[in-house]
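Reading the structure
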Amino acid sequence: MSYQHTPYAKPDPYNALQIPIYQSDAFEFNSAEEMEAAFTGKTADHSYSRVSNPTVQFFEERVRSVTEAYSVTALNSGMAAISNTFLTLAKAGSNIVTSTHLFGNTYSFFKSTLGAFGVEARCCDLTNLDDVSAHIDENTCGIFLEIITNPQMEVANLKALSEIAVKAGVPLIADTTIVPFCAWKAKDLGVHIEVVSSTKYISGGATCLGGLIIDYGNFNWDKSPKLKKLASEHGAASFTYLLRKEIHRNLGAYMTPQVAYLQTLGMETLQVRFAKAAGTCLQLANALEQVDGIVSVNYTALNDNPFYELSNAQFGPLPGAMLTFDLESRERCYRFMNHLKLIKRATNLFDNKSLAIHPASTIFGTFTEADRRLMNIKQETIRLSVGLEDLDSLLDDITQSLNTSK
Ligand SMILES: *Cc1c(COP(=O)(O)O)cnc(C)c1O
């Protein structure tokens, strides 16, 4: 893949083939004039690593060349990517049109953290286009969704949502963590801003947290509640302009050079790791449907899944390396978890090792039962993130655990 050959500024005194880790808070200038130019934005020289850093910039550039984006900003977690995005888009009185089917911290960030500043999260059914339209008004700063919701595995039609969004002058923002950008093109389906927890596939083996904001530069911001003032001067670059010149500096959640280095290594093997893990996930999903004790399996590439066609059209034949399955009760789920030998009891997704979790009692454990019902989080569900082990080893562990935990 050509992006693995992303160049960095030479000469490097040792001709290093891998990007060096520029572990330095600040950068020296040759003159007061150069310093002024950098600080006033006339040049793009690095000055301070909360604002930019050569190693992080190299990682951003590598992601940009895969996604063909206008700009990429790397932050220190997926939540930092989501919070920076919405602090760029929203102001008091704005609303976000979204769903209750969200990653737990994203839901809490919208409802509690942004709610306290007068931003409203309007939850609707994103698979019902009329419902989406009915929730949009002139104060809507974005439509936000996860491309395959976790753990419900719901898929919305991105092209159709993008048409509604563009007509209303509202950007479509997608959290694409579940299916990495090496497998499909969000831009072609009308996504304007993509956010990713690079903690997951990209970190390459669960070594470090990270987040990405990918701006495709394909949106006209002149109706945006907050960005319309900038749009006459900066046009399609308005979002990145405000994010990079103000928001991310003030929030101070930029990626660190050590992390950018590790995630650059992760990027080099992303495609092969993803193909192996997602391929195993599909085979496992098919096999689990025949296993005694499993009530149902949820994976959008299964032929009988209600989102099969849409998922295949949008994300291709391998929609991620995560599946869920239901057992007969919460107690059975606990016994199953406790008898696993190979699969790890852990949160996180897309580690090289397979991970199992009971979402209702953990990720959503502090939510009220009413909120869990609203979010369709069931006590009978196990979530499995498939790693790089062989299919047979995983299937053996699952069946032995089901058999000994009856
Ligand atoms: C993990 C995750 C996040 C949050 O990412 P962090 O890196 O843990 O902050 C957001 N969205 C989705 C879909 C995730 O899986």
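The structure we're discussing is the one just above.
Summary of the structure given here. The structure presented is a predicted model; accordingly, all values stated were derived computationally and were not measured. (Residues numbered from 1 in each chain as written. Predicted model: local features only at pLDDT ≥ 70, side-chain atom pairs only at ≥ 80, totals over all residues. Heavy atoms only, no water.)

1. A closer look at the sheet that holds strand S10 (residues 344-345)
Strand pairing in a sheet takes place through backbone hydrogen bonds and is either antiparallel or parallel in direction. Taken together, the 5 strands give an open sheet; going across it, the order is S8-S9-S12-S11-S10, and neighbouring strands pair in mixed fashion. On the outer flanks of this sheet lie strand S8 (296-298) and S10, each paired with one strand and no other. Direction of pairing for S10 relative to strand S11 (residues 355-357): parallel, over a ladder of 2 bridges. Bridged to Arg345 within S11 is Ala356. (Pairing = 2+ DSSP bridges. Helix = DSSP H or I, 4+ residues; strand = E, 2+ residues; numbered from the N terminus.)

2. A word on the site of the ligand
Close to the ligand lie Ser77, Gly78, Met79, Phe103, Asp175, Thr177, Ser197, Thr199, Lys200, Gly210 and Leu349, which account for all nearby residues. Within the side chain of Asp175, one N or O atom sits 2.6 Å away from a nitrogen atom of the ligand. Ser197 has a polar side-chain atom sitting 2.8 Å from an oxygen atom of the ligand. For the ligand, whose accessible area on its own is 380 Å², the fraction buried by protein is 92%. (Near = heavy atom within 4 Å. Polar contact = N/O pair within 3.5 Å; in protein donor to acceptor, adjacent residues only side chain to side chain. Areas by Shrake-Rupley, 256 points an atom, 1.4 Å probe, with all protein chains shown as cover.)

3. Section: the sheet that holds strand S6 (residues 193-197)
The 7 strands lie next to each other as S1-S7-S6-S5-S4-S2-S3, forming an open sheet whose pairing is mixed. In this open sheet, the two edge strands, each paired with only one partner strand, are strand S1 (71-75) and strand S3 (120-123). Within this sheet the neighbouring strands show an average axis-to-axis angle of 20°, counted without direction. Of the strands in this sheet, S1, strand S2 (95-98), strand S4 (140-146), strand S5 (172-175), S6 and strand S7 (211-215) touch helix H3 (residues 78-89), which is tilted by about 155° from S6. Strands S2, S3 and S4 of the sheet are contacted by helix H4 (residues 104-114), whose axis makes an angle of about 135° with S3. (Axes fitted to C-alpha atoms, helices over the stretch in contact; angles between N-to-C directions. Contact = heavy atoms within 4.5 Å.)

4. Describing the packing of aromatic side chains
According to the stated counting rule, one finds 13 aromatic pairs in the structure shown. Summarising the aromatic geometry, the rings of Phe109 and Phe110 are spaced 6.0 Å apart at their centres and angled 45° between planes, so their arrangement reads as tilted. Taking 5.4 Å as the distance between ring centres and 70° as the angle between the ring planes, the aromatic pair formed by Phe364 and Phe367 counts as edge-to-face. Among the residues examined, Phe367 registers a relative accessible area of 17% and is labelled buried. Grouping aromatic residues by their ring pairs yields a cluster made of Phe86, Phe109, Phe110 and Phe144. (Phe/Tyr/Trp six-rings, centres within 6.5 Å; stacked < 30°, edge-to-face > 60°. Buried < 20%, exposed > 50% of the residue type's maximum accessible area, 1.4 Å probe, protein only.)

5. A few points about the pairing of S5
Along S5, one buried face is formed by Leu172 and Ala174 and the opposite face, lined by Ile173 and Asp175, is buried too. As defined by bridge partners, S4 adjoins S5 across 4 bridges and the pair is classed as parallel. By the bridge assignment, Phe144 is partnered in S5 with Ile173. What joins S4 to S5 is helix H6 (residues 158-168), and the crossover it makes is right-handed. (Right-handed = clockwise from strand over helix to strand, strands pointing away.)

6. Observations regarding the nonpolar core
Ranked by size, the top nonpolar core spans 116 residues in total, and within it Phe86, Phe110, Phe181, Leu212, Leu288 and Phe325 carry the most contacts. The greatest single-element share of this core, amounting to 11 residues, is contributed by helix H9 (residues 257-288). When residues are assigned to domains, this core turns out to be shared by domain 1 (3-266) and domain 2 (270-404), each giving three or more. Filtering out sequence-adjacent residues up to four positions away, Phe110 remains in contact with Ile82, Phe86, Ile96, Thr98, Leu102, Gly115, Val119, Ala121 and Phe144. (Core = buried A, V, L, I, M, F, W, Y, C linked by side-chain atoms within 4.5 Å. Domains from an automatic or database assignment.)

7. Structural notes on the environment of Leu340
One can find Leu340 in the loop between helix H11 (330-339) and S10. Residue Leu340 is classed as buried on the basis of its relative accessible area, which comes to 6%. Here the alpha-carbon distance between Leu340 and Ile398, two residues 58 residues apart in the chain, equals 7.0 Å. Once you skip the residues sitting within four places of it in the chain, Leu340 turns out to touch Arg345, Ala356, Asp397, Gln400 and Ser401.

8. Section: the packing of H3 against helix H8 (residues 238-251)
Taken N-terminus to C-terminus, the directions of H3 and H8 make an angle of 120°; their axes are 9 Å apart at the nearest point. As the angle between them shows, H3 and H8 are arranged oblique. Here H3 runs over H8; the crossing is right-handed. In this structure, H3 uses Asn84, Thr85, Leu87, Thr88 and Leu89 to contact H8, whose residues at the interface are Phe239, Leu242, Leu243, Ile247, His248 and Leu251. (Parallel < 35°, antiparallel > 145°, perpendicular 65-115°, else oblique. Left-handed = near helix turned anticlockwise from the far one by under 90°.)

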